[in-house]
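Structural overview
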Amino acid sequence: MTKPVSLILNGVELLADPGGVLIWPARETLIVADLHLEKGSSLARKGTLLPPYDTRATVARLAAAIETHRPRRVICVGDSFHDAAGSARLDDMDRAALDRLVETVAWIWITGNHDPGPPSGLGGIVTDGLVDGPLTFRHEARDTGGPGEISGHYHPVARLRIKGRTVSGRCFVNDGARLILPAFGAYTGGLDVCAPDLRRLFARRFEVALLQSGRVWRVPSSELLSPPPAQIGTPVERRESVR
């Protein structure tokens, strides 16, 4: 993997890591969004069968990021579990692995639309938002969020053309005042950053930090491709596959 890419938000230097986490070096903080733990078991209850290893894969990736960056604090900005009962469905091995992470550092769970209640039996602090100096952390961006807002929820992805071929991937989106993180979970889809529901949140000019093949590519909005037709004019709330 390459080194993280520097992003400036409300005067604060942050690092977009190739693994999909955001680092705030001055606060020794790792920020991650949309783990959607136990999404596989949630879908199985509704008749959609997928390999039941999404939680294990996601927790392992998060553990690797923590081992690499050694933060003092981790902030999960919502939808850490795919539903309110997700934490109760953790098997013993996955719960033990998650417990070890939460016990290692100061841990903050920000609630999301999928997990509005605190995770069952896990440590850490649960809150619906956090203000720390020039930065504000919440699950879903607000029209009146103000400068320095960091959130998730939209699972942003971006597409661009390089040497005649289309490249796409999860991405960070930043316009200097607002930053949205990519979804981290193994079973999370994505919404194109140029789709109206997401594009409206940013200034005319913004940039993405695209995650592709273990690297981070900084791309100005002017170089991005238009979204697929299926993501134009469709309300976000109806695209459950993205969530």
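Procedures and definitions
Residues numbered from 1 in each chain as written. Predicted model: local features only at pLDDT ≥ 70, side-chain atom pairs only at ≥ 80, totals over all residues. Heavy atoms only, no water. Pairing = 2+ DSSP bridges. Helix = DSSP H or I, 4+ residues; strand = E, 2+ residues; numbered from the N terminus. Axes fitted to C-alpha atoms, helices over the stretch in contact; angles between N-to-C directions. Phe/Tyr/Trp six-rings, centres within 6.5 Å; stacked < 30°, edge-to-face > 60°. Buried < 20%, exposed > 50% of the residue type's maximum accessible area, 1.4 Å probe, protein only. Salt bridge = Lys/Arg side-chain N within 4 Å of Asp/Glu carboxyl O.

**What to know about the sheet that holds strand β2 (residues 12-16)**
Overall, mixed pairing links the seven strands, which are arranged β1-β2-β3-β4-β5-β6-β7 in an open sheet. Bordering the open sheet on either side are β1 (5-9) and β7 (125-127), each of which pairs with just one other strand. Neighbour-to-neighbour, the strand axes of this sheet turn through a mean angle of 25 degrees, independent of strand direction. Relative to β7, strand β6 (residues 106-110) runs parallel, the two being bridged by three bridges.

**Quick notes on the packing of aromatic side chains**
Per the stated rule, a full pass over the model turns up four aromatic pairs. Judged by centre distance (6.2 Å) and plane angle (35 degrees), the ring pair of Trp-24 and Phe-137 falls under tilted. Taken together, the residues Trp-24 in strand β3 (residues 22-24) and Phe-137 in strand β9 (residues 135-137) connect sequence positions 113 residues apart. Residue classification places Trp-24 among the buried positions, given a relative accessible area of 2%. Ring plane angle 40 degrees and centroid distance 6.1 Å describe the contact between Phe-81 and Trp-109, whose orientation is recorded as tilted. Pair noted here: Phe-81 is in the loop between β5 (73-77) and α3 (92-104) and Trp-109 is in strand β6, with a separation of 28 residues, a long-range link.

**Structural notes on the pattern of salt bridges**
Tallied over the entire structure, the rule returns eleven salt bridges. Ionic pairing is found between Arg-72 and Glu-28, a salt bridge with its closest N-O pair at 3.0 Å. Of this pair, Arg-72 sits in the loop between α2 (54-69) and β5 while Glu-28 sits in the loop between β3 and β4 (29-32), and the two are 44 residues apart along the sequence. The partner of Glu-67 in a salt bridge is Arg-70, and the shortest N-O contact between them spans 2.7 Å. With relative accessibility at 49%, the residue Glu-67 sits in the partly exposed group. Three or more residues are tied together by salt bridges with common partners; here these are Arg-27, Arg-73 and Asp-132.

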